[in-house]
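# Descriptive analysis of the structure
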Amino acid sequence: MMSVEKIKCLIIGSGPAGYTAAIYASRANLKPVLYQGEQPGGQLTTTNEVENFPGYPEGITGTEMMMQFEQQARRFEADIRSGWVTKVDFSAKPLKVWVEDKEIHADSIIISTGASVKYLGLPSEQHYLRTGGGVSTCAVCDGFFYRNQEVAIVGAGDSACEEALYLSKICKKVTMIVRRDAFRASKIMEERVRKVENITILFNTETEEILGDGQVVSAIRVRNNKTQELSEFPITGFFVAIGHKPNTDIFAPYLSLDKEGYIENVPGSSRTNVEGVFVAGDAADKHYRQAIIAAGSGAIAAMDAERYLAAQEI
């Protein structure tokens, strides 16, 4: 028979949002239980160097930062567990969640499952991403490291255009690699990109290989998908901007999601359409995707959960 556990505040997912929610919820005596998910610490653990989070003047690796967040949450007696949610039922109270063979009845739930970056799927892409040798998924996070250098960015949407514009202010040259013969971005974003002198756009082009010495990126090989012609050009940084997929599929039957799958929250709060369920971090944020903003939203979610439980006299 499946065991049932009753929890006052359940946090699904870790990362800056989940751990911060755990810190705030613990200090509010909500006795939170946090399940870390398939990637403890979230996608920040794939970031080699974090230099834009206040309080770390010398910078810190994403993995080390998340370890410190976890340690701080544990200090306030947050119950942090490995494992991930396999099923939910938000159709009635109590809110029900299943983690492997355990059924959980929760008075409140904070969802901080984040979003996963879409990659090209090249072995070299993953290699240089892991080593921090020149592949990035965030221009705002890592563009500073490539100032006055030549970089490439793959993508054709608004996010890719925004990142290309950001990089153009820092880097010597930015090459945009667009798979089709047109942008997917809005006209205004396309026009802005086309007006920038140090942005070169390669249409009908796909990335064949990211080249380097095994430690750092030095060039890229691309293929024109119309002519099949291969060409190479030097770069020191390669940015992937082909989109994110929010990790929210499991909640779709119960929560309001936008067309891209992000959880919709009540403006000015972390509340969702289901009473007692709150959201923090990149599961709802498709615009900023910054660790500090995710952490702030985790604090908001914990405070909203505290006020909800107090109003319910739980």
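In the block above lies the structure referred to throughout.
Presented here is a report on the structure given in the accompanying data block. Position labels on residues start from 1 in each chain and follow its written sequence. Totals for whole chains, interfaces and linings use all residues, but because this is a predicted model, local features are given only for residues with pLDDT of at least 70 and pairs of side-chain atoms are given and counted only at 80 or more. Side-chain figures throughout are based on the complete set of non-hydrogen atoms in the structure, without hydrogens or water.

## With respect to unusual backbone geometry
In this structure, P94 follows K93 across a cis peptide bond, with omega equal to 0°. The helix count covers DSSP runs of H or I at least four residues long, the strand count covers runs of E at least two residues long, and both are numbered beginning at the N terminus. Here P94 shows up in the loop between β4 (85-89) and β5 (95-99). For N29, which is not a glycine, the phi torsion comes out positive at approximately 65°. Relative to the helices and strands, N29 resides in the loop between α1 (15-27) and β2 (33-35). The phi dihedral of E313 is positive, around 55°, even though this residue is not glycine. Tracing the backbone through its elements, the reader meets E313 in the segment after α7 (291-311). Under the scheme applied here, a residue whose accessible area is under 20% of the maximum for its type counts as buried, over 50% as exposed, and between as partly exposed, the area being computed with a 1.4 Å probe on protein chains only. Residue classification places E313 among the exposed residues on the basis of a relative accessible area of 75%.

## Structural notes on the side chain of S108
Residue placement: S108 occurs in strand β6 (residues 102-111). We call two N or O atoms a polar contact when they sit within 3.5 Å, provided that within protein one can donate a hydrogen and the other can accept it, with sequence-adjacent residues counted only if both atoms are side-chain atoms. Of the polar contacts made by the side chain of S108, one reaches the backbone oxygen of K8; its length is 2.9 Å. Any two residues whose heavy atoms approach within 4.5 Å at even a single point are treated as in contact. Residue contacts for S108: discarding those within four places in its chain leaves K8, C9, L10, L95, G276, F278, A305, Y308 and L309.

## A look at helix α6 (residues 187-195)
All of the buried residues in α6 are M189, E190 and V193. Buried residues of α6, viewed axially, fall in a sector of 100°; they line one side. In α6, those exposed residues whose orientation departs by more than 90 degrees from the buried face are K187 and K195. If you follow the buried residues of α6, they end up packed against α5 (158-168), β10 (173-177) and β11 (199-202). By arc we mean the arc of the directions from the helix axis to the C-beta atoms, nothing more.

Fair warning: the whole summary comes from geometry, so function is off the table for now.
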